[in-house]
Each structure stands twice: as structure tokens, then as C-alpha cells.
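Remarks on the overall topology
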Amino acid sequence: MARSCFCSAFILAVLLPILAIVAGNLAVEAREARSTLQRRNGDRSGASPDAPARLQFKARQPGEFKILQVADMHYADGRSTGCLDVFPNQTAACSDLNTTAFIHRVIRDEHPDLVVFTGDNIYGFDATDAAKSLDMAFGPTVALKLPWAAVLGNHDQESTLSREGVMRHIVGMPYTLSRLNPDNTDIDGFGNYNLEVFGAEGSSLANKSILNLYFLDSGDYSTVPSIPGYGWIKASQQLWFKQTSSRLQKEYMSKPNGQKEAAPGLAYFHIPLPEYSSFDPSNFTGVKRDPISSASINSGFFATMVDARDVKAVFTGHDHLNDFCGNLTAIHLCYAGGFGYHAYGLAGWSRRARVVSAYLEKNPANGEWGGVRSIKTWKRLDDQYLSTIDSQVLWSKGTNGRRRRSRH
């Protein structure tokens with residue numbers, strides 16, 4: 001079994017001191033960039049000016065768009081914040097900087113086109129200064145100038161910033177595509193928005209979104225006294241999702257270059273839906289070690305997605321020891337598994353990240369890239385080899401998706 005805290009002699013002697021310096025520099029740079037953005041955009045509800053104008057498939061082979069999902073970093077104060085659930089002989093040298101090192105490792109190896117953070121980005125109770133913790137947590141992605149997006153979990157607002165304040169801070173950081181909320185929309189929560197991924201450069205679909213990404217605030221805790229437990233996706237959010245999905249489908253199937261069916265969609269939020277309880281080891285790929293910590297009521301968002309007919313997979317965090325994907329009514333429900341070292345875990349069970357990659361179809365007659373042909377996923381472990389496990393197809397054009405297990 002892979003050790004959960006990859007602490008080679010190189011990391012101990014060289015990388016961690018460097019990361020400590022880098023983390024401090026990144027915090028200063030992010031604050032300076034944020035101050036500039038505040039002057040340009042008072043409410044910071046738009047994307048960072050450093051972010052790309054839009055996301056787009058590249059024309060190069062293999063016609064791929066890759067998303068790295070990072071769930072539950074639980075970042076606090078950096079080097080001074082210790083790790084949870086690692087082996088005793090790893091405790092002294094393990095800190096938030098191991099989380100930072102893991103982000104660097106997996107980005108360097110996967111080269112994602114977009115990094116998505118699905119909540120509990122910081123652990124508020126242990127973060128002395130929420131703004132500084134957020135700067136450190138997202139620092140590696142900012143330093144590498146990668147486009148990124150984030151949603152909130154149930155712990156992000158427990159430090160020195162409110163829930164809205166945390167999301168406003170995120171929106172103000174460099175290279176982010178995150179949004180506070182859709183314009184002119186009365187909606188619950190903070191961080192409900194969508195991103196469009198356009199067709200390959202130079203193709204007939206270069207100006208159409210061929211992959212749609214939905215981000216929602218799944219809340220923190222119930223605010224209804226008679227309903228215990230965690231929050232849920234509210235009616236106002238579901239209405240926004242339905243309207244957005246409908247608009248995107250109409251645009252994709254309208255002239256010019258109208259397509260015959262909707263572009264596939266992916267949804268990202270923190271707290272799993274009650275439908276995640278529908279699976280057992282016979283019908284999912286991955287591991288289930290935690291109970292499903294969904295809201296205690298079902299707000300109907302899964303049914304809303306089924307009715308919309310474009311979402312092919314949902315990606316959440318929250319339950320750190322779950323990393324499975326299961327197919328329910330042609331929608332895959334997937335966990336990422338816990339990423340951060342200041343988050344609860346299991347000694348000997350490696351921290352992990354989920355990668356999702358969409359691949360284009362190609363016209364054999366003229367060699368032009370078309371729409372999305374298939375969507376695949378796998379996980380990367382923070383072990384000695386940065387192992388790849390549980391590769392599976394989530395969706396293929398003309399099918400409801402199929403299942404394939406593999407270990408490398």
C-alpha cells in the first residue's frame with residue numbers, strides 16, 4: 001500500500017524550504033494583483049484580467065481538453081500547520097507544504113488545461129488569516145499561470161472572511177475564471193457560474209462551446225432548524241442551471257454549424273447528492289470508505305440534471321476517503337478523494353486528485369476536428385510513482401457511457 005505522505009529525501013532537504021519561500025512570495029504577488037483588480041472592478045464579480053479570454057480545445061493532437069480536480073485541500077497556515085492521519089514517523093516533516101508539493105507534482109505530470117478546486121480549499125478553524133491561506137492554497141496554480149476555477153465547501157468561511165468574502169477573494173485572484181454569481185440573477189449561495197470550452201482552433205466549431213462546465217455552491221450547513229446536517233443546492237440555483245443549460249443547448253444546435261445533439265456538460269460542487277448512496281462495489285469504480293455525507297433532504301438537483309439531458313458527470317469532494325465513480329441514469333457521480341494533508345485521511349492511503357479529459361472526434365474526410373467524442377477519467381496518487389489508477393470512460397458519443405477498470 002502506498003504511503004499517504006510522500007516525503008523523500010529530496011522533498012525534505014530541498015523542495016519544502018523552497019516551497020516555503022515561494023508560498024510567501026505568492027501571497028504578496030496575489031495581494032498586489034488583487035489590489036490592482038479592485039481598482040479596475042469594484043465588486044470583483046468578473047473574471048481576473050490575467051485569465052484567458054476563453055477556454056478552447058487546441059488544434060494539436062490528440063484533440064484533448066484536460067481538467068484536474070483538487071478536492072479538500074483544507075489549507076491553513078502553511079509550514080506551521082501539521083498533517084492529519086499520516087504515519088507517526090512522517091508527522092514531524094509533514095505540513096500544508098506537502099499539499100503544495102503534490103499540486104506541483106501532478107500539474108507538472110498532467111499538464112492540465114484547467115484546474116478545478118471543489119471546496120474546503122482552506123480549513124477555516126485553523127486558518128489564522130483566510131486571505132493569506134487562500135493565497136497559499138491556490139498559489140501553485142497562480143504561479144504556473146494556469147486557468148483555474150473554484151467553488152466553496154463547508155469549511156472555507158470559518159476563518160476571518162464570510163462565505164461571500166471568501167468567494168470575492170477567490171474571484172479577485174490572478175488567472176482565475178471563477179465568478180461570484182451570474183449577473184442580474186437572484187440566486188442562493190456564492191460561486192454559481194458556468195464556463196464554456198470552445199471547439200478546436202481553426203475548426204468550424206471554434207466559436208461554439210462544445211463542452212459546458214457548471215459550478216454550483218452546494219452550501220455549508222442547513223439553515224432550517226427542523227432539518228439537520230449539511231446544505232443543498234436550492235431551487236433558485238436549479239432554475240439558473242436549467243435556464244443556462246437550455247440556452248447552451250440551443251446555441252450549440254443553432255446555425256451556423258448547428259449540431260444534432262447537445263454538447264456534453266460536467267458539474268462541479270462540494271457536497272455529494274443523496275443519489276451517491278445508490279452504489280455498491282458491484283456498480284462503481286474506485287473505493288468507498290466513508291458514509292455518504294449528503295444533505296439530509298433531497299432537493300431534486302439530480303432529477304433536474306436528468307431532465308436537462310446534457311450533464312454526463314458530476315464531481316464532488318467532502319468525503320475524503322471516497323474516490324469512486326458510479327453511473328446512475330446515464331450520469332456518472334464521482335468523488336475526487338481527499339487531496340490535502342491537513343484534511344482527515346487514512347495513514348497508508350495516498351492523497352489523490354482526479355483528472356477528467358475530453359477528446360474530440362475527427363472528420364476522416366478532411367481531418368477537421370469536430371465535437372467531443374468521449375470523456376475519460378482517472379486518478380493520480382501522491383505516492384512515490386505518482387501512480388495512475390482507475391481509468392474509465394464516463395461517456396462516449398452515441399452511448400450512455402461504459403465502464404472500464406485498469407490499474408497502471
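Here's what I pulled together on the structure shown here. Bear in mind that the values here come from a model prediction, so they are computed numbers and not experimental data. (Residues numbered from 1 in each chain as written. Predicted model: local features only at pLDDT ≥ 70, side-chain atom pairs only at ≥ 80, totals over all residues. Heavy atoms only, no water.)

1. Side note on the overall build of the chain
Put simply, the rule reads: Numbering goes from the N terminus for both helices and strands, where a helix is a DSSP run of H or I of at least four residues and a strand is a run of E of at least two. Burial status follows relative accessibility: with a 1.4 Å probe on protein chains alone, a residue under 20% of its type maximum counts as buried, one over 50% as exposed, and anything between as partly exposed. By definition in these notes, contact holds between two residues if any of their heavy atoms fall within 4.5 Å.
Assigned secondary structure in the chain consists of 6 helices and 14 strands. Within the chain, the proportion of its 408 residues that are buried is 60%. In the chain, the share of contacts with a sequence separation of at least 24, taken over all contacts with a separation of at least 6, comes to 71%.

2. Overview of the nonpolar core
Stated formally: Put simply, buried Ala, Val, Leu, Ile, Met, Phe, Trp, Tyr and Cys residues joined by side-chain atoms within 4.5 Å make one nonpolar core.
With 70 residues, the main nonpolar core has F57, W148, L211 and L266 as its most contacted residues. If you look at the next biggest cluster of nonpolar residues, it comprises 24 residues, including L216, F241, I292 and F324.

3. Some points on the sheet that holds strand β2 (residues 64-70)
Note the cut-off: By the convention used here, strands pair only if DSSP detects at least 2 bridges between them. Lines fitted to the C-alpha atoms define the axes, with helices restricted to the stretch that makes contact. Angles between their N-to-C directions range from 0 to 180 degrees.
Taken together, the 6 strands give an open sheet; going across it, the order is β4-β3-β2-β12-β13-β14, and neighbouring strands pair in mixed fashion. Sheet topology places β4 (148-151) and β14 (388-396) at the edges, where each strand pairs with a single neighbour. Ignoring which end each strand starts from, the neighbouring axes of this sheet average 20° apart. Pairing geometry for strand β13 (residues 369-381) and β14, over 6 bridges, is antiparallel. Bridge assignment links K379 to a residue of β14, and that residue is I389. Against the sheet, helix α2 (residues 96-110) engages β2, β3 (114-118), β12 (352-362) and β13, with an angle of about 140° to β13.

4. Focus: the sheet that holds strand β6 (residues 209-215)
Sheet architecture is open: 8 strands sit in the order β1-β5-β6-β7-β9-β11-β10-β8, paired in mixed fashion. Edge positions in the sheet fall to β1 (55-56) and β8 (284-285), since each has one partner strand and no second. With 4 bridges connecting them, strand β10 (residues 325-328) and strand β11 (residues 331-335) associate as antiparallel partners. Bridging across to β11, C325 finds its partner in C334.

5. Structural notes on helix α5 (residues 235-253)
Basically, it comes down to this: Here the expected span of a helix is defined as 1.5 Å times the quantity of residues minus one.
In this model, α5 (19 residues) spans 27 Å end to end at C-alpha, consistent with the 27 Å of a helix rising 1.5 Å per residue. S236, Q237, Q238, W240, F241, T244, S245, L248, Q249 and Y252 are the residues of α5 that are buried.

6. Digging into the state of the cysteines
How we decide: Cysteine sulfur atoms that pair up within 2.5 Å are treated as a disulfide.
Across all of its chains, the model carries 2 disulfides by this definition. Paired through a disulfide, C83 and C94 show a sulfur-sulfur distance of 2.1 Å. For the disulfide bridge between C83 and C94, the dihedral angle about the S-S bond is near -85°, and by the sign convention the bridge is left-handed. Placement of C83 in the loop between β2 and α2 and of C94 in the loop between β2 and α2 is noted, with a sequence separation of 11 residues between them. Since its relative accessible area comes to 11%, C83 is described here as buried. For C94, a relative accessible area of 4% gives the class buried.

7. Some remarks on the pattern of salt bridges
We count it as follows: For this document, the term salt bridge refers to a Lys or Arg side-chain nitrogen within 4 Å of an Asp or Glu carboxyl oxygen.
Taken as a whole and assessed by the stated rule, the structure comprises 13 salt bridges. Salt-bridge contacts for R352 lead to D323; the nearest nitrogen and oxygen are separated by 2.8 Å. A residue pair is termed long-range when its members are at least 10 positions apart, and R352 in strand β12 and D323 in the loop between β9 (311-316) and β10 qualify at 29 residues. D323 gets classed as buried once you look at its relative accessible area, which sits at 0%.

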